[in-house]
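# Reading the structure
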Amino acid sequence: MASPPPIKTQHSASIKTAASEVIQEDAQRISRNATANALLQPFVGSSDPGDRKTALDFFNQVLDVGINFKAQAEVRRKQVEIPVSQSFGTMPEDGMSCKELLDCFQEISEHSTNFASPKFMGFPDAANSIPALGAAIFIPFINQNMCNQSIQAPAASFIEMEVVHWLRQQLGFQVPSEYTTVTEIGGIMTAGGCLSNTVGMMAARESLFPGSGLTGLPVVASKIRVLVPDVIEHYSIRSAMAWLGMGELNVVRVPVDDVYRIKIHELERIIKEERASGHHLLACVAYAGDSRSMRIDNLHDIGVVLRKNKVWFHVDACHGSQLAFSRTHRHRIRGIEEADSVTIDPHKVLWIPYMCSFALLKDPKSLANISTNSDLILKTQWSLGQITPCIGSKAFDALKLWATIKYFGRSGIETLIDTRLALTKAFQDEINRHTEVLLLNETDINACMFIFMPQSLHQGSRISAEDVEKLNECNLFIKTSILESGDALVHGFNLKRCSHHLLPEDKVVYVLRTINGNPLTTAGHLKEILDTVVDLGHQFYSMAGQKWS
């Protein structure tokens, strides 16, 4: 006998609806849990062997991309068009896989500049030291925050202090046999040379106007002056004056001689005149290797004048600090030990990845005077955050320099620096032997400043203004063509005064410059670049319908 059909009631329909909703909620919960579990997989810290293997596989592939990039011979594999304008889309709603992310990394690398190429000669920042790169990989894993020692950087704080101790020692500053507080250390790591120079100006301000960090400037800012050498000054000092509210227009340029060193009698004259005008002298800045000619100023004689006149002495040694490691060349920075503050950039001279810059003070109290006033976690015995202006949380980047020094030792660094300078001297000699390249500086460190100049213009007398304009076009063409080739890189810039008997003194000259900072660069690489410069110079004058003998 057949079963009767089920009786449909409102109650049974409600039960089914409720059951369906429960099933849907369970499905959504399971889906959410699955998504949440999937989202946890890309985080390091799981003890699951599978998760660790996934992380290691990804990191190894990232390293492959990075090492292959640094090992490529080219400076750039693909050129990036400079856009007139740029627009961006909306943030992606959904994520991508590790494989897709690696493809993005690869694409970025192909459009990036390889500072580690032996033919990258524009700047010395090679960043290819294996111990420094190893430290750079390790730093984010332990993720120490250098603002506080007791909680956030219990061991790392002392490593940065040790590095500062070593650096001050190398410069010739007096260092104690032991420390009892972080305020005695006399230096800090910063986010770059511009900030390090700003810290020097802050310390100078507090020396000239004690308590001004707390109560403000006691004089009108327009009455404050900072002295810099003419022609080769670095923009960071003007920036520091602007950032500190003292006005970048209050920078006074001291005349320099034919090799871009401050004229001592002019320095004395300007100090006297500025004070007679009622101006307050904040500091005088000298360069141990300026960013153009790479000359080292007469630090000793400048220091004598500034001490006599009680003017703060700041030395920008971002390039020249490398000579502190060399017994052969150290005499070139004689007098740096008398500076009140010194800026150094190991990422420029010691093969270290960005950023690695230090502001070092002769008297540690000068740094303590611009310390951060905080009632939070900074006020502990060894917290670097107390003496680090403009920065709160800070990465453990000092480990990169610490690892480099520990690996090479002072003697190993000395050998590499001496070899670098010997190669620079050889390149300068090669330029001087060439009949169509004009050397414009006898560098004190590791740079060569020169121009292509057709032999027909090497006649012993000054060339015309018209010839200078054509030369400027030619050397800009050379620099641009080398960059666009992707094969190599040389730097180029306008020099507002060029002291050479063949060039007019009152004309801006567009110059080329190489800096060899990569230990893998050889004389062969330099000769290849020089040959390219000459070939491109010939090409330019050929296109311009010019002739040379």
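In what follows, the structure referred to is the one given above.
In this text, all values refer to a predicted model and were calculated from it rather than measured experimentally. (Residues numbered from 1 in each chain as written. Predicted model: local features only at pLDDT ≥ 70, side-chain atom pairs only at ≥ 80, totals over all residues. Heavy atoms only, no water.)

## Re the packing of helix 6 (residues 193-208) against helix 8 (residues 235-243)
Pairs of packed helices are described in terms of their axes, by the angle between the two and the distance that separates them. Heads up, the condition is: Axis definition: a line fitted to C-alpha atoms, over the contacting stretch in the case of helices. Angles run 0 to 180 degrees between N-to-C directions. In this description a helix means any DSSP run of H or I spanning at least four residues, a strand means any run of E spanning at least two, and both kinds are numbered starting from the N terminus. Convention used here: angles under 35 degrees read as roughly parallel, angles over 145 as roughly antiparallel, angles from 65 to 115 as roughly perpendicular, and any remaining angle as oblique. Put simply, a crossing is left-handed when the front helix is turned counterclockwise from the back one by less than a right angle, and right-handed when it is turned clockwise. Note on definitions: a residue-residue contact is assigned when non-hydrogen atoms from the two residues lie within 4.5 Å.
Viewed as axis vectors pointing N to C, helix 6 and helix 8 meet at an angle of 55°, and their least axial separation amounts to 9 Å. The orientation of helix 6 relative to helix 8 falls into the category oblique. Helix 6 and helix 8 meet at a crossing whose hand is right-handed. Facing helix 6, whose interface residues are C194, N197, T198 and M201, helix 8 presents Y235, S236, I237, A240 and W243.

## Remarks on the pairing of strand 11 (residues 509-515)
Looking along a regular strand, one sees side chains alternate from face to face of the sheet. Filter applied, for reference: Burial classes: relative accessible area under 20% of the type maximum marks a residue as buried, over 50% as exposed, and values in between as partly exposed (1.4 Å probe, protein chains only). Following DSSP output, two strands are said to pair if at least two bridges run between them.
Where burial is concerned, most of strand 11 is hidden: seven out of the seven residues are buried. Neither face of strand 11 is left uncovered, since the one carrying V509, V511, R513 and I515 and the one carrying Y510, L512 and T514 both have all their residues buried. The pairing of strand 9 (residues 447-452) with strand 11 spans four bridges and is classified as antiparallel. By the bridge assignment for strand 11, A447 is matched with I515. Relative to strand 11, strand 10 (residues 491-495) runs antiparallel, the two being bridged by five bridges. Residue pairing in the sheet places G492 in a bridge with L512 of strand 11.

## Some points on the environment of K308
As for its placement among the helices and strands, K308 is situated in helix 10 (residues 299-308). Taking relative accessible area as the criterion, K308 reaches 56% and is therefore assigned exposed.

## Looking at the sheet that holds strand 11
The strand order across the open sheet built from four strands is 8-9-11-10, with neighbouring strands paired in antiparallel fashion. Bordering the open sheet on either side are strand 8 (437-439) and strand 10, each of which pairs with just one other strand. Within the sheet, the average angular offset between the axes of one strand and its neighbour, ignoring direction, is 40°. Helix 14 (residues 465-485) contacts strand 9, strand 10 and strand 11 of the sheet and is inclined by roughly 35° relative to strand 11. Contacts from helix 15 (residues 523-543) reach strand 8, strand 9 and strand 11, with the element oriented near 25° to strand 9.

## Remarks on the packing of aromatic side chains
Applied cut-off: We call Phe, Tyr and Trp rings a pair once their centres come within 6.5 Å, taking the six-membered ring for Trp, and we label the pair stacked below 30 degrees between planes, edge-to-face above 60, and tilted otherwise.
A full pass over the atoms with the stated rule returns twelve aromatic pairs. Counting every residue linked through ring pairs, the aromatic cluster contains F115, F120, F123 and Y354.

## Considerations on the packing of helix 14 against helix 15
Cut-off, in case you're wondering: Classification used: nonpolar for Ala, Val, Leu, Ile, Met, Phe, Trp, Tyr, Cys and Pro, charged for Asp, Glu, Lys and Arg, polar for all others including Gly.
Between helix 14 and helix 15, the least distance of the axes is 9 Å, while the angle of their chain directions is 125°. As summarised for this structure, helix 14 and helix 15 are arranged oblique, according to the angle between their axes. At the point where helix 14 passes helix 15, the crossing takes the right-handed sense. Here helix 14 contributes K470, L471, E473, C474, F477, I478, S481 and I482 to the contact with helix 15, which in turn contributes T532, V533, L536, G537, Q539, F540, Y541 and M543. Residues belonging to the contact of helix 14 with helix 15 are distributed by class as follows: ten nonpolar, four polar and two charged.

## A closer look at the nonpolar core
In globular proteins that are soluble, nonpolar side chains generally tend to be buried together. We count it as follows: For this analysis, a nonpolar core means a set of buried residues of the types Ala, Val, Leu, Ile, Met, Phe, Trp, Tyr and Cys, connected via side-chain atoms within 4.5 Å.
Of all hydrophobic cores here, the largest spans 137 residues; its most connected members are L267 and F358. At eleven residues, the largest contribution of residues to this core is made by helix 13 (residues 398-433). Contact partners of L267, with chain neighbours within four places excluded, come to L227, V254, I262, C284, I302, V305 and L306.

## Topic: a nonpolar patch on the surface
Note the threshold: The patches reported here contain residues having more than 30% relative accessible area and no salt bridge. Joining distances are 9 Å for like charges and 5 Å for nonpolar side chains (Val, Leu, Ile, Met, Phe, Trp, Tyr). Under the convention used here, a 1.4 Å probe and the Shrake-Rupley method define accessible areas, while residue burial counts only the protein chains that appear. For this document, the term salt bridge refers to a Lys or Arg side-chain nitrogen within 4 Å of an Asp or Glu carboxyl oxygen.
Together, V44, F59, L63, I67, I137, F138, F141 and I142 make up an exposed nonpolar region whose accessible area comes to about 710 Å². Contributing elements (two or more residues each) for the nonpolar patch: helix 2 (49-71) and helix 4 (130-142). When residues of the nonpolar patch are assigned to their parent elements, the largest contribution, four residues, is made by helix 4. As for its placement among the helices and strands, F59 is situated in helix 2.

## Quick word on the sheet that holds strand 1 (residues 187-190)
Ordered by their spatial adjacency, seven strands build an open sheet running 1-7-6-5-4-2-3, and the pairing between neighbours is mixed. A strand with exactly one partner marks an edge of an open sheet, and here the two such strands are strand 1 and strand 3 (251-254). For this sheet the average axis-to-axis angle between neighbouring strands, irrespective of direction, equals 20°. Of the pairings in the sheet, the one linking strand 2 (residues 224-229) to strand 4 (residues 280-287) comprises four bridges and is parallel in character. Of the residues in strand 4, the one forming a bridge with R225 is L281. Contacting strand 1, strand 2, strand 4, strand 5 (313-316), strand 6 (341-344) and strand 7 (357-361), helix 6 runs over the sheet at an angle of about 145° to strand 4.

## Overview of helix 13
The periodicity of an α-helix, 3.6 residues per turn, causes residues three or four positions apart to be oriented the same way. Stated precisely, the cut-off is as follows: One less than the residue count of a helix, multiplied by 1.5 Å, gives the span that helix is expected to have. Two axes define the bend at a residue: one fitted to the seven residues ending there, one fitted to the seven starting there, and the bend is the angle between them.
In this model helix 13 runs just 43 Å from its N-terminal to its C-terminal C-alpha over 36 residues, more than 12% under the 52 Å that 1.5 Å per residue would give. Most pronounced at G409, the bend in helix 13 amounts to some 90°.

## Thoughts on the side chain of E110
Tracing the backbone through its elements, the reader meets E110 in helix 3 (residues 98-110). We classify E110 as buried; its relative accessible area is 18%. Beyond its immediate sequence surroundings of up to four residues, E110 is in contact with R77 and K78.

## Observations regarding the pattern of salt bridges
Scanning all chains against the criterion turns up 28 salt bridges. E233 is paired through a salt bridge with R253; the nearest N and O atoms lie 2.4 Å apart. You can see E233 sitting in the loop between strand 2 and helix 8 and its partner R253 sitting in strand 3, a full 20 residues away along the chain. Judged by its relative accessible area of 9%, E233 is buried. We note a salt bridge from R327 to E414, for which the minimum N-O separation is 2.8 Å.

## Considering helix 6
Its 16 residues give helix 6 an end-to-end C-alpha distance of 23 Å, which sits within 8% of 22 Å, the value for a rise of 1.5 Å per residue. Within helix 6, 14 of the 16 residues are buried, which leaves the element mostly enclosed by the surrounding structure.

Just geometry here; none of it tells us what the structure is for.
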